[in-house]
Amino acid sequence: MQTLYIGNINYQATAEDLKPLFAEYGEVLSIKIIIDRDTGRSKGFGFVELESGADSAVEELNGKEFQGRRLRVNPAKPRS
């Protein structure tokens, strides 16, 4: 299992919108879009957990346009 950081997500995009994009590379275990506590709106980034295929997803999806924005896809760094 590997977690990916997804940046520059369209603010209207949902986890359901992102799932088919990442499902091409492996089983999607979870998708979490980070929400601003005060406004309740997306902060434009999130995390996807994949069972496998994370390296391929990073290679193929980093810089790919999705809903009018170029995604940033990188392996997530552990919290310090």
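Above: the structure in question.
Treat the numbers as computed from the prediction; the structure is a model and nothing was measured. (Residues numbered from 1 in each chain as written. Predicted model: local features only at pLDDT ≥ 70, side-chain atom pairs only at ≥ 80, totals over all residues. Heavy atoms only, no water.)

A. Examining the overall build of the chain more closely. Counting secondary structure elements, the chain contains two helices and six strands. Put simply, the chain runs from its N terminus to its C terminus through helices and strands in the order β-α-β-β-α-β-β-β. Here the C-alpha radius of gyration of the chain, 12 Å, is about what a compact globule of 80 residues would show, namely 12 Å. A burial count over the chain gives 32% of its 80 residues as buried. Put simply, of all contacts in the chain between residues at least 6 apart along the chain, 61% involve residues at least 24 apart. Split by element, the accessible area of the chain, about 5300 Å² in all, is 44% carbon and sulfur. In the chain, the 11 positive side-chain charges and the 12 negative ones have mean positions that sit 9 Å from each other. (Helix = DSSP H or I, 4+ residues; strand = E, 2+ residues; numbered from the N terminus. Rg over C-alpha atoms; globule rule 2.2 N^0.38 Å. Buried < 20%, exposed > 50% of the residue type's maximum accessible area, 1.4 Å probe, protein only. Contact = heavy atoms within 4.5 Å. Areas by Shrake-Rupley, 256 points an atom, 1.4 Å probe, with all protein chains shown as cover. Lys, Arg positive; Asp, Glu negative; His and termini not counted. Charge placed at Lys NZ, Arg CZ, Asp CG, Glu CD.)

B. Region of interest: the sheet that holds strand β6 (residues 72–75). Judged by pairing direction, the sheet is antiparallel, and its four strands sit side by side in the order β2-β3-β1-β6 without closing on themselves. At either margin of the open sheet sits one strand with a lone partner, and together these are β2 (28–35) and β6. Adjacent strand axes in the sheet meet at a mean angle of 20° when their direction is disregarded. Where strand β1 (residues 2–7) lies against β6, four bridges are found, and the strand directions are antiparallel. If you follow Gly-7 over to β6, its bridge partner there is Arg-72. (Pairing = 2+ DSSP bridges. Axes fitted to C-alpha atoms, helices over the stretch in contact; angles between N-to-C directions.)

C. Just the packing of aromatic side chains, in detail. Evaluation of the coordinates by the stated rule reveals three aromatic pairs. Taking the centre distance of 6.0 Å and the plane angle of 65° together, the rings of Tyr-5 and Phe-47 count as edge-to-face. Linking Tyr-5 in strand β1 with Phe-47 in strand β3 (residues 42–50), this pair joins segments that are 42 residues apart in sequence. Taking the relative accessible area as the measure of exposure, Tyr-5 reaches 23% and is therefore partly exposed. Under the relative-accessibility criterion, Phe-47 is labelled partly exposed at 30%. (Phe/Tyr/Trp six-rings, centres within 6.5 Å; stacked < 30°, edge-to-face > 60°.)

D. Representation of the side chain of Ser-42. Its location among the elements puts Ser-42 in strand β3. With residues near it in sequence (within four places) discarded, Ser-42 still touches Tyr-11, Ile-33, Ile-34 and Ile-35.

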